[in-house]
Amino acid sequence: MGIVKVIELLSESKESWEDAASNAVEKAGKSVKNIHSANVSNLSVTVKNGKVDKYRVNVKLTFSVDD
């Protein structure tokens with residue numbers, strides 16, 4: 001596998017935590033190559049007018065560093 005790097009992202013979605021995680025991977029994939037895994041942690045929501053407004057996740061992405 002060689003050398004890997006880990007970056008942490010914060011992502012949100014109006015739909016679900018799963019959608020927020022998927023958004024993070026897709027968006028990062030546009031500029032980060034060789035993504036191997038995503039570790040989702042710290043699930044949270046924002047509240048507006050007494051209702052869930054947005055779902056938020058912290059995502060740690062692991063990817064290979066080119067030699």
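Data block above holds the structure.
All values derive from a computational prediction rather than experimental measurement.

Caption draft 1: Main features of the overall build of the protein chain. A tally of helices and strands in the protein chain yields one helix and three strands. When its helices and strands are written in sequence order, the protein chain yields β-α-β-β. In terms of overall size, the protein chain is more extended than a compact globule, its C-alpha atoms giving a radius of gyration of 14 Å where 67 residues would be expected to give roughly 11 Å. Along the first, second and third principal axes, the C-alpha set of the protein chain runs to 50 × 20 × 15 Å. Burial statistics for the protein chain: of 67 residues in total, 22% are counted as buried. Considering only contacts within the protein chain whose residues lie at least 6 apart along the sequence, 63% involve residues at least 24 apart. Across the protein chain, the centroid of the 10 positively charged side chains sits 7 Å from that of the 9 negatively charged ones.

Caption draft 2: Examining the sheet that holds strand β3 (residues 51-64) more closely. Read from one edge to the other, the open sheet built from three strands follows the order β1-β3-β2, with strand pairing classed as antiparallel. Bordering the open sheet on either side are β1 (4-13) and β2 (35-48), each of which pairs with just one other strand. For this sheet, the mean angle separating the axes of adjacent strands, direction not counted, is 15°. Where β1 and β3 come together, ten bridges link them in antiparallel fashion.

Caption draft 3: Here's a closer look at the environment of Asn39. Relative to the helices and strands, Asn39 resides in strand β2. Along the backbone, Asn39 and Val25 are 14 residues apart, and their C-alpha atoms lie at a distance of 10 Å. Excluding residues that lie within four positions of it along the chain, Asn39 makes contacts with Asn58, Val59 and Lys60.

Caption draft 4: Region of the structure containing the side chain of Asn58. By secondary structure assignment, the location of Asn58 is in strand β3. Exposure remark for Asn58: the relative accessible area of 17% places this residue in the buried category. Side chain to side chain, Asn58 and Asn42 meet in a polar contact 3.2 Å long. Every residue in contact with Asn58, bar those within four places of it in the chain, is listed here: Glu8, Leu9, Leu10, Asn39, Val40, Ser41 and Asn42.

Each value, and the rule that gives it
- Residues numbered from 1 in each chain as written.
- Predicted model: local features only at pLDDT ≥ 70, side-chain atom pairs only at ≥ 80, totals over all residues.
- Heavy atoms only, no water.
- Helix = DSSP H or I, 4+ residues; strand = E, 2+ residues; numbered from the N terminus.
- Rg over C-alpha atoms; globule rule 2.2 N^0.38 Å.
- Buried < 20%, exposed > 50% of the residue type's maximum accessible area, 1.4 Å probe, protein only.
- Contact = heavy atoms within 4.5 Å.
- Lys, Arg positive; Asp, Glu negative; His and termini not counted.
- Charge placed at Lys NZ, Arg CZ, Asp CG, Glu CD.
- Pairing = 2+ DSSP bridges.
- Axes fitted to C-alpha atoms, helices over the stretch in contact; angles between N-to-C directions.
- Polar contact = N/O pair within 3.5 Å; in protein donor to acceptor, adjacent residues only side chain to side chain.

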